[in-house]
Amino acid sequence: QVQLVESGGGLLQAGGSLRLSCAASGRTFSRYAMGWFRQAPGKEREFVAGISRDGDGTYYADFVKGRFTISRDNSKNTVYLQMDDLKTEDTAIYYCAGRSRYYTSAYNRANYDYWGQGTQVTVSS
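Residues numbered from 1 in each chain as written. Predicted model: local features only at pLDDT ≥ 70, side-chain atom pairs only at ≥ 80, totals over all residues. Heavy atoms only, no water.

Can you help me understand unusual backbone geometry in this one?
Phi is mostly negative for residues that are not glycine, and the peptide bonds are mostly trans. Here Asn-77, not a glycine, exhibits a phi torsion of approximately 55°, which is positive. Here Asn-77 is to be found in the loop between strand E7 (68–73) and strand E8 (78–83). Notably, Asp-85 is not glycine yet its phi reads approximately 50°, a positive angle. Structurally, Asp-85 can be placed in the loop between E8 and strand E9 (92–99). (Helix = DSSP H or I, 4+ residues; strand = E, 2+ residues; numbered from the N terminus.)

Could you clarify how one ought to interpret the pairing of strand E11 (residues 119–124) in this entry?
For a regular strand, the rule is simple: side chains alternate between the two faces of the sheet. Residues Thr-119, Val-121 and Val-123 line the buried face of E11, whereas the alternating positions Gln-120, Thr-122 and Ser-124 sit on a face that is not buried. Relative to E11, E9 runs antiparallel, the two sharing three bridges. Its bridge partner being in E11, Ile-93 is matched across the sheet by Gln-120. (Buried < 20%, exposed > 50% of the residue type's maximum accessible area, 1.4 Å probe, protein only. Pairing = 2+ DSSP bridges.)

The following block contains the structure:
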C-alpha cells in the first residue's frame with residue numbers, strides 16, 4: 001500500500017511558475033512508476049506527465065511539452081512537477097498517481113493503482 005500526498009498548489013498569474021511535490025509513504029517507492037494527472041471543472045481527468053521507476057524515462061502530454069518537467073528523488077520518496085509559463089487553461093486540480101505495473105502505458109489513468117488527494121492550481125490572466 002502506498003499513500004501519496006501532494007503539495008505546492010496555489011494561485012498565480014499567467015506566465016508564472018510553480019512546483020508541485022508528491023510525497024509517498026512506504027519503502028517501496030522506487031518500485032512504482034509515477035504520474036501526474038489533472039482535472040478541470042466539468043472535464044475528465046487527463047494525463048499530464050509520467051516518469052519511470054528510475055527516472056530515466058519521462059512522458060508528457062502534448063499540451064505541456066516544453067513547459068512542464070517531471071522528476072523524482074527516490075531517496076526522498078518524492079516526485080515533482082515543475083510547471084513553467086503557466087496558462088489560464090492549466091487551472092485544475094493536479095493529482096499524483098503511482099503505477100505498480102510499470103510496464104503498462106503511462107498515459108492511461110486506468111493503469112494507476114494509487115492516487116493522492118489532489119492539489120489545486122489556479123492561473124489567472
